[in-house]
Amino acid sequence: LFTFYQLATKVSQVYGVSLPTDVNDFLESFSSFISFGMNGVATTPLECLGLTGYVWRLIFWMLLPPVIIFVIILSVYISRSASLFKKKRGASTTPVDKKDGDDAHGGAFHLSDAQIASDPPPTFIEQCLPPVLTALFFLYPLVTKAAFDGFPCYTFANGRGWLRADVSIECGTA
């Protein structure tokens, strides 16, 4: 549903199809919710640095997923390292005095004396994969929405056209 919204709002611009005004109004009412309010806000720092225009916006949205994936992987790595450090630090170094024979524990079976078969801890990839896939699920529609802005052009009678997202770019040119 999330991705459908992102694509449905671009159909009229990309393919030159006009949707009924009620449908356009309905789709636009969810615009800030679906884009997490990042339309225009996310690329504002680029514009402050003088990196304006569609190309810089597209580069930003294309580089955002790898950067977020790197941050997620780094945070999982740091979390795993801290957890291993705590386990090593918390391990007891004092010898345990064990008594031999069943009389030491009243003949009962104790789990602490037996090897407990448990699931191994999750691997690094198993810990990274769920947050990475979640991030990609939410970022993919935002990236494709920015990419779809590169299709519609203002075309004039002389055959020349300019990109609607950035009129400094002539359509049909490199």
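Criteria and cut-off values
Residues numbered from 1 in each chain as written. Predicted model: local features only at pLDDT ≥ 70, side-chain atom pairs only at ≥ 80, totals over all residues. Heavy atoms only, no water. Disulfide = S-S within 2.5 Å. Helix = DSSP H or I, 4+ residues; strand = E, 2+ residues; numbered from the N terminus. Phe/Tyr/Trp six-rings, centres within 6.5 Å; stacked < 30°, edge-to-face > 60°. Buried < 20%, exposed > 50% of the residue type's maximum accessible area, 1.4 Å probe, protein only.

K.L.:
Which parts of the structure should I look at to understand the state of the cysteines?
P.N.:
A covalent bond bridging the sulfur atoms of two cysteines is what the word disulfide describes. Summed over the entire model, instances satisfying the criterion amount to one disulfide. Across a sulfur-sulfur distance of 1.7 Å, C153 and C171 are joined as a disulfide pair. Between C153 and C171, the S-S dihedral sits near -95°, and the bridge is therefore left-handed. A residue pair is termed long-range when its members are at least 10 positions apart, and C153 in strand β1 (residues 153–155) and C171 in the segment after β2 (161–163) qualify at 18 residues.

K.L.:
Can you help me understand the packing of aromatic side chains in this one?
P.N.:
For any pair of aromatic rings, the description consists of the separation of the ring centres together with the inter-plane angle of the planes. Per the counting criterion, the structure on display carries five aromatic pairs. With a centroid separation of 6.4 Å and an interplanar angle of 85°, the aromatic rings of Y77 and F124 are classed as edge-to-face. Of the two residues, Y77 is situated in helix α5 (residues 54–90) and F124 in helix α6 (residues 124–148); the sequence distance between them amounts to 47 residues. A relative accessible area of 28% places F124 in the partly exposed class. Relative to F151, the ring of F148 has its centre 5.9 Å away and its plane inclined at 45°; by these criteria the two rings are tilted. Judged by relative accessible area, F148 falls into the partly exposed class, the value being 23%. The exposure class of F151 is exposed, given its relative accessible area of 51%.

K.L.:
What should I look at first to understand the environment of L74 in this one?
P.N.:
Note that L74 resides in helix α5. According to the relative accessible area criterion, L74 is partly exposed, its value standing at 39%. Taking the C-alpha atoms as reference points, L74 and C128, 54 residues apart in sequence, are found 9.3 Å from one another.

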